[in-house]
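# Per-entry structural report
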There are 2 protein chains.
Amino acid sequence: MSYAPFLGVLGGMGPLASAQFMLRLTLLTPAERDQDHLPALLWSDPRVPDRTAARLSGGEDPLPWLLRGIRGLEAAGCGAIAIPCNTAHGWYEGMAEATRLPILHIVDAAAEELARQGIPGGCIGVMGTAGTLAMRLYQQRLEHRGYQCIVPEEAEMQALVSPGIALVKSNRVAESFPLLAEAARNLKNRGAAAVVLGCTEIPLGIQAGPAATAIGLPLVDTIDALALAALRWAGR
Amino acid sequence: MSYAPFLGVLGGMGPLASAQFMLRLTLLTPAERDQDHLPALLWSDPRVPDRTAARLSGGEDPLPWLLRGIRGLEAAGCGAIAIPCNTAHGWYEGMAEATRLPILHIVDAAAEELARQGIPGGCIGVMGTAGTLAMRLYQQRLEHRGYQCIVPEEAEMQALVSPGIALVKSNRVAESFPLLAEAARNLKNRGAAAVVLGCTEIPLGIQAGPAATAIGLPLVDTIDALALAALRWAGR
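First, a word on scope: everything that follows refers to the structure included in this document. This one's a predicted model, so the numbers in the text were calculated from it and none came from an experiment.

### A short note on the side chain of A:T200
Residue and element names in this part refer to chain A.
- Turning to its location among the elements, T200 is positioned in the loop between β6 (195–197) and α10 (202–206).
- Overall, T200 belongs to the buried group, its relative accessible area being 1%.
- A polar contact of 2.9 Å, which involves the side chain of T200, links it to the backbone oxygen of P84.
- When sequence neighbours within four positions are dropped, the list of residues in contact with T200 reads M13, A17, P84, C85, N86, I106, T222 and I223.

If you want it as structure tokens, here you go:
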């Protein structure tokens, strides 16, 4: 019985996005049979306090909940941690300081996916929660790599992006498509060469409609980008 | 910080089926926001030795691997265990004796789903791995509840069901549909009032095509049935 390390997945934020991460991780793995796939442990705790509320309106701090999950993944023998929630990366430093395990950073994974799609720099649209955008998680890390980031305007956040994300979290996935697609199209019209779907609920909503024809520019699915980063970590 | 028990999911058999289980568990939960969903821990270890090979051709015993997963789920604070793999239930007694946690039985979940679909007894088709059918997991438990079970013939297993399952396990999901649909139709023609998809790879393949029109009788998806049983355990 070999004891190769598991991939630890700190999830539940939201639970549909982390289930989708497990699905995409499996489908993106070259495999002929069960035993070719990656051992992985998904800690799905949807009770982690809302990350955007914590950052923007004094809501409960999610860090103790995030650390509890990391402790559980460490104890089970994981070798690295992936977190399929962009906003939770606002607590990346606090998590990284608390564990010896490498934590794959979702923004770096998105940047690698932009490069893989042939977009080495230039103007990039970024959609995300109000918390992710306010913390400038993408702006800082992508501008460091030579991209300029544009984000939805405040009115678009309130009318399109935030309600779209909330619809996915309440299992009303199909209804979120027109809102999220309109926000992506607006970024294209303002000059974006690609749009990073920088909240793991957004690709779920975008996939519920004819995204490719409705939007017509490259989209970076941060669920897939993180799954591909995990496969690189595992040497697959 | 509340410490309500997690649902433990002993998965990876196969990994696509257990990811789909997490997805369906989420979508079947009445929820308005992340925090309404069930905390769950998925132990996805695809290296568990092949269950059918162990039962039919002297392959490595999967029980030590299954017990390792159960130990991990216990240590993390789970309150019950669901196993989205039908064939693994051939080791149900060995697992149940080794833990104080309740293990939801997938055949009981399927029987509850048959009843919910308005089929209280009569002739039922059961599709599954060669191991599941040889162990008579469904036949014994369903006949106890007043159903008669019919299963694919040996030639159908070799030409349709076993290759269909293997295609799903190698990520060739769409190709499995015609094989699995033909096997289900044959059971209908032999008098089945419904077909239980008694291997968690089979619903994945059946959903890849127009199952309802192509087959035309009630199907019991054992992934959904087990997810509903888990929600009942959690009082949702």
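### A few points about the interface of chain A and chain B
- With 44 residues of chain A at the contact, the number on the chain B side is 44 residues.
- Of the roughly 3900 Å² buried between chain A and chain B, counting both surfaces, carbon and sulfur atoms make up 59%.
- On inspection of chain A and its partner chain B, the count reaches 4 salt bridges.
- Put simply, A:D34 and B:R51 hold a salt bridge, and the shortest N to O gap is 3.0 Å.

### So, the relation of the copies chain A and chain B
- Each copy superposes on the other: chain A lies on chain B with an RMSD of 0.0 Å after a rotation of 180 degrees and an axial shift of 0.0 Å. Given the turn and translation reported, the copies of this chain are related as if by a two-fold rotation axis. Taking C-alpha positions as the reference, the residue of chain A nearest the rotation axis is A:L42, at 2.4 Å.

### Regarding the sheet that holds strand β4 (residues 122–127) of chain A
All names here are of chain A.
- The strand order across the open sheet built from 4 strands is β5-β4-β6-β7, with neighbouring strands paired in parallel fashion. Since the sheet does not close on itself, it has two edges, and those belong to β5 (147–150) and β7 (219–221), each with one partner. Neighbour-to-neighbour, the strand axes of the sheet open up by a mean angle of 30 degrees, direction not taken into account.
- By the bridge criterion, 3 bridges tie β4 to β6 in an arrangement that is parallel. Looking at β6, one finds that V126 is bridged to V196.
- In this fold helix α12 (residues 222–233) packs onto β6 and β7, with an angle of close to 55 degrees to the strand it touches most, β7.

### Re unusual backbone geometry
All names here are of chain A.
- Geometrically, the link from M13 to G14 is a cis peptide bond, its omega value of -5 degrees lying close to zero.
- Looking at the element boundaries, G14 is found in the loop between β1 (6–11) and α1 (15–27).
- The phi torsion at R136 lies on the positive side, around 60 degrees, for a residue other than glycine.
- Along the chain, the position of R136 falls in the loop between α6 (130–134) and α7 (137–144).
- For R136, a relative accessible area of 36% puts it in the partly exposed group.
- Of note, N171 is a non-glycine position whose phi angle comes to about 70 degrees, a positive value.
- With respect to the helices, strands and loops of the structure, N171 is situated in the loop between α8 (154–169) and α9 (173–189).

Reading the values: rules and limits
Residues numbered from 1 in each chain as written. Chains lettered and ligands numbered in written order. Predicted model: local features only at pLDDT ≥ 70, side-chain atom pairs only at ≥ 80, totals over all residues. Heavy atoms only, no water. Helix = DSSP H or I, 4+ residues; strand = E, 2+ residues; numbered from the N terminus. Buried < 20%, exposed > 50% of the residue type's maximum accessible area, 1.4 Å probe, protein only. Polar contact = N/O pair within 3.5 Å; in protein donor to acceptor, adjacent residues only side chain to side chain. Contact = heavy atoms within 4.5 Å. Buried area = accessible area lost by both parts, 1.4 Å probe. Salt bridge = Lys/Arg side-chain N within 4 Å of Asp/Glu carboxyl O. Least-squares fit on C-alpha atoms with pLDDT ≥ 70 in both. Pairing = 2+ DSSP bridges. Axes fitted to C-alpha atoms, helices over the stretch in contact; angles between N-to-C directions.

So far we have only geometry, and geometry alone does not tell us how the molecule works.
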